[in-house]
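Listed below are the residues making up each chain.
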Amino acid sequence: MSELQDLLRRERAKRNLTQAQVGEAIRVSNSTIGGFETGKLIPMADTAADLDAMPFS
C-alpha cells in the first residue's frame, strides 16, 4: 500500500468520515476517493492540494 493510500484511509477513518464526505469536501465523487485509497487512481495536482488542505493533521 502506498503512503497516500494508507494516510488517506487512516485519517478519514480516524475522523469517522465517509468517502462521500471527503469527496464532497474536495468536490470529487466518493468512488474517486475509493480509487485513491485502493491505488487505482492517482490524484491530479489540484485534487492532491485539496486533500492536503483537509483538516487531517
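Residues numbered from 1 in each chain as written. Predicted model: local features only at pLDDT ≥ 70, side-chain atom pairs only at ≥ 80, totals over all residues. Heavy atoms only, no water.

### So, the packing of helix α2 (residues 19-26) against helix α3 (residues 30-38)
Quick note on the threshold: What counts as an axis is a line fitted to C-alpha atoms, over the stretch in contact for a helix, and the angles between N-to-C directions run from 0 to 180 degrees. Secondary structure elements are defined from DSSP: runs of H or I of at least 4 residues count as helices, runs of E of at least 2 residues count as strands, and each element is numbered from the N terminus. Note that the term roughly parallel is reserved for angles under 35 degrees, roughly antiparallel for angles over 145, roughly perpendicular for angles of 65 to 115, and oblique for everything else. Contacts are assigned to residue pairs that have any heavy atoms within 4.5 Å of one another. Only Asp, Glu, Lys and Arg are considered charged in this grouping, and only Ala, Val, Leu, Ile, Met, Phe, Trp, Tyr, Cys and Pro are considered nonpolar; every other residue, Gly among them, is considered polar.
At a minimum axis distance of 7 Å, the contact between α2 and α3 shows a crossing angle of 105 degrees. Here α2 is positioned roughly perpendicular relative to α3, judged by the angle of their axes. Counted together, Gln 19, Ala 20, Val 22, Gly 23 and Ile 26 of α2 and Asn 30, Ile 33, Gly 34 and Glu 37 of α3 form the full contact between these two elements. Among the residues forming the contact of α2 with α3, the class breakdown is 4 nonpolar, 4 polar and 1 charged.

### Quick notes on unusual backbone geometry
Our working rule: Think of it in three bands: residues with accessible area under 20% of the maximum for their type are buried, residues over 50% are exposed, and the middle band is partly exposed, with areas taken using a 1.4 Å probe on protein chains only.
The phi dihedral of Asn 16 is positive, around 55 degrees, even though this residue is not glycine. With respect to the helices and strands, the residue Asn 16 is situated in the loop between α1 (3-14) and α2. The backbone of Arg 27 shows a phi angle near 65 degrees, a positive value even though the residue is not glycine. Inspection of the secondary structure puts Arg 27 in the loop between α2 and α3. Accessibility expressed as a relative area gives 64% for Arg 27, which makes it exposed.

### Comments concerning the environment of Ala 20
Turning to its location among the elements, Ala 20 is positioned in helix α2. According to the relative accessible area criterion, Ala 20 is partly exposed, its value standing at 39%. Through-space distance from the C-alpha of Ala 20 to that of Ser 31 is 7.9 Å; in sequence the pair is 11 residues apart.

In short, the description is geometric, and any link to function would need to be established separately.
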